[in-house]
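Residue-level structure breakdown
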Amino acid sequence: MRGEVLFNTDRCKGCSLCVHACPVHILALDTTRVNAVGYNPAYCFDMSKCIACTNCATMCPDTVITVKRLDI
Amino acid sequence: MTVVFKKTKGLTDAPFSYCPGCTHGIIHRLVAECLEELDLLDHSVAIASVGCSVMSYEYFNCDAIQAAHGRAPAVATGVKRVHPEKIVFTYQGDGDLASIGTAEIVQAAHRGENITVIFVNNAIYGMTGGQMAPTTLPNQVTTTSPRGRDVSKTGEPIKMSELMATIPGATYIERVMTADPLSVRKAKRAIKKAFQYQKENKGFSMIEVLSSCNIGWGLSPNDALQYIKNEMASYFPLGVYKDKGV
């Protein structure tokens, strides 16, 4: 794991722009949950593949995402 | 673990009122990040316009005024002349800037006011329900052009960056887009340069940002980004149209 993405889930509007921006395809909308504003929020299903590129956070229109990079 | 991306201090905690996938949120964040990185947040004044971004004074973490429709550059002129040490910027959509506010934007540039204009072009009147705007593309379907924009009756879409670049008083005019992570990062560089120029008293700057209105266009958020890249960017070419500041 080289990075970690954290979601402020209750701000997410489920637009899925982060899902399409992710180069390693580890994001999806969680269709089993509904957040406080009534959307299926985005989540990461395989954090071990995250490369901390920040593409997801760059494309998020609602500043939902925080990205951390592993110190080497 | 080092935090490499987090929400900027330039935005308040108020959730955006924009539709899911609307790139207004991205452009708000870019403006706020630039102000924070240039250490301008404490002495900036935002001029909100009329349109979807009418509530932007709730979101920028700096002082703000909400101007009458299209008149944001005139209000910005007043604020800047009274407080020349402040960083003054307007945040306007295409209905506001390219239609009702054409006189104000052209004359503010003509006078060479030292302000920054963020012009969000999504080719439609989003807030009022997706009507045809002056920037609507030829044959684009909107609620007031259900068979597509007929250029023989309504004219060709207005190209504001090209128009503004012909005005001698303007300093920096660039068109960018928010279609993918790369273009968003390029847009941020342009916005930052515009604020830097204002800080250095170099004069009027306008950044036109090609944005999406997925609800108004009737597309999914991701398809709307592809529409910006494939359709809008081919009619509205990206690039620096004028840069007298170098």
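Residues numbered from 1 in each chain as written. Chains lettered and ligands numbered in written order. Predicted model: local features only at pLDDT ≥ 70, side-chain atom pairs only at ≥ 80, totals over all residues.

1. Overview of the overall build of chain A
- On a plain count of helices and strands, chain A comes out with two helices and four strands.
- Secondary structure of chain A in N-to-C order comes out as β-α-β-β-α-β.
- Computed over C-alpha atoms, the radius of gyration of chain A comes to 11 Å, within 12% of the 11 Å expected from 2.2 N^0.38 for 72 residues, which places it in the range of a compact globule.
- Counting across all 72 residues of chain A, residues that qualify as buried make up 43%.
- Pairs at least 24 apart in sequence give 68% of the contacts found in chain A among residues at least 6 apart. (Helix = DSSP H or I, 4+ residues; strand = E, 2+ residues; numbered from the N terminus. Rg over C-alpha atoms; globule rule 2.2 N^0.38 Å. Buried ≥ 20, exposed ≤ 12 C-beta atoms within 10 Å, placed from the backbone. Contact = placed C-beta atoms within 7 Å.)

2. Topic: the environment of C22(B)
- In this structure, C22(B) sits in the loop between β1 (2-5) and α1 (24-37).
- By the C-beta count within 10 Å, which is 27 here, C22(B) ends up buried.
- Residues C22(B) and N214(B) lie 192 residues apart in sequence; the distance between their C-alpha atoms is 6.8 Å.
- Contacts of C22(B), omitting those with residues within four sequence positions, involve P61(A), S212(B), C213(B) and N214(B).

3. With respect to the confidence of the model for chain B
- For chain B, per-residue confidence averages 96 on the pLDDT scale, and residues scoring 70 or more make up 100% of the total.
- For this predicted complex, the interface confidence comes out at an ipTM of 0.95, alongside a pTM of 0.96. (pLDDT = per-residue confidence, 0-100.)

4. What about the nonpolar core?
- If you look at the biggest cluster of nonpolar residues, it comprises 93 residues, and the most contacted ones within it are C18(A), C56(A), I47(B), I118(B), I191(B) and V209(B).
- Setting aside its immediate chain neighbours within four residues, C56(A) contacts V5(A), C18(A), A21(A), C22(A), L27(A) and I65(A). (Core = buried A, V, L, I, M, F, W, Y, C linked by C-beta atoms within 7 Å.)

5. Examining the sheet that holds strand β1 (residues 3-7) of chain A
- The strand order across the open sheet built from three strands is β1(A)-β4(A)-β1(B), with neighbouring strands paired in antiparallel fashion. Of all the strands in the sheet, just β1 of chain A together with β1 of chain B have a single pairing partner and so form its edges. Across the sheet, the mean angle separating the axes of adjacent strands is 30 degrees when strand polarity is ignored.
- Taken together, the five bridges between β1(A) and strand β4 (residues 65-69) of chain A define a ladder with antiparallel strand orientation. (Pairing = 2+ DSSP bridges. Axes fitted to C-alpha atoms, helices over the stretch in contact; angles between N-to-C directions.)

6. Remarks on unusual backbone geometry
All names here are of chain A.
- A positive phi angle, close to 55 degrees, is found at H25, a residue other than glycine.
- Mapped onto the fold, H25 is located in the loop between α1 (17-21) and β2 (27-29).
- With a phi angle near 55 degrees, A52 is a residue other than glycine that sits in the positive phi range.
- When you line up the elements, A52 lands in the loop between β3 (42-44) and α2 (55-59).
- A residue is classified by how many C-beta atoms lie within 10 Å of it, and A52, with 19 of them, is partly exposed.

7. Digging into the sheet that holds strand β8 (residues 239-243) of chain B
Residue and element names in this part refer to chain B.
- Spatially, the seven strands line up as an open sheet ordered β3-β2-β4-β5-β7-β6-β8, and their pairing is mixed. This sheet does not close on itself; its edge strands, each paired only once, are β3 (63-66) and β8. Each strand axis lies, on average, 15 degrees off the axis of its neighbour in the sheet, ignoring direction.
- The pairing of strand β2 (residues 44-48) with β3 spans four bridges and is classified as parallel. Looking across to β3, one finds that I47 is bridged to I65.
- Sheet strands in contact with helix α7 (residues 181-199) are β4 (87-93), β5 (116-121), β6 (170-177) and β7 (204-210), and its direction is about 165 degrees off that of β6.

8. As for the packing of α1(B) against α7(B)
Residues and elements named next belong to chain B.
- With their axes 9 Å apart at the nearest point, α1 and α7 run at an angle of 45 degrees to one another. Classified by the angle their axes make, α1 and α7 are oblique. Judged by the sense of rotation from one axis to the other, the crossing of α1 with α7 is right-handed. Contact residues: α1 offers I26, L30, V31, E33, C34, L35 and E37, while α7 offers V184, A187, K188, I191, K192 and F195. (Parallel < 35°, antiparallel > 145°, perpendicular 65-115°, else oblique. Left-handed = near helix turned anticlockwise from the far one by under 90°.)

9. Side note on the environment of M232(B)
Residues and elements named next belong to chain B.
- Of note, M232 is situated in helix α9 (residues 221-235).
- Residue classification places M232 among the buried positions, given that 23 C-beta atoms sit within 10 Å.
- As for M232 and S212, which are separated by 20 residues in sequence, their C-alpha atoms are 9.6 Å apart.
- Apart from the residues within four sequence positions on either side, M232 is in contact with A123, L137, L210 and Y227.

10. So, the interface of chain B and chain A
- Counting from both sides, the interface comprises 23 residues of chain B and, opposite them, 25 residues of chain A.
- Those elements that place two or more of their residues in the side of chain B that touches chain A are β1, α1, α7 and α9 of chain B.
- Here the side of chain B that touches chain A takes four residues from β1(B), the largest share from any one element.

11. Some remarks on the pairing of β4(B)
All names here are of chain B.
- Burial runs high along β4: seven of the seven residues are buried.
- Burial of β4 is two-sided: the residues I87, F89, Y91 and G93 facing one way and the residues V88, T90 and Q92 facing the other way are all buried.
- Of the strand pairs in this sheet, β2 and β4 are connected by five bridges, and their pairing is parallel. Across the sheet, the residue bridging to A46 is F89, located in β4.
- With five bridges joining them, β4 and β5 adopt parallel strand pairing. Counted as the bridge partner of Q92 is F119 from β5.

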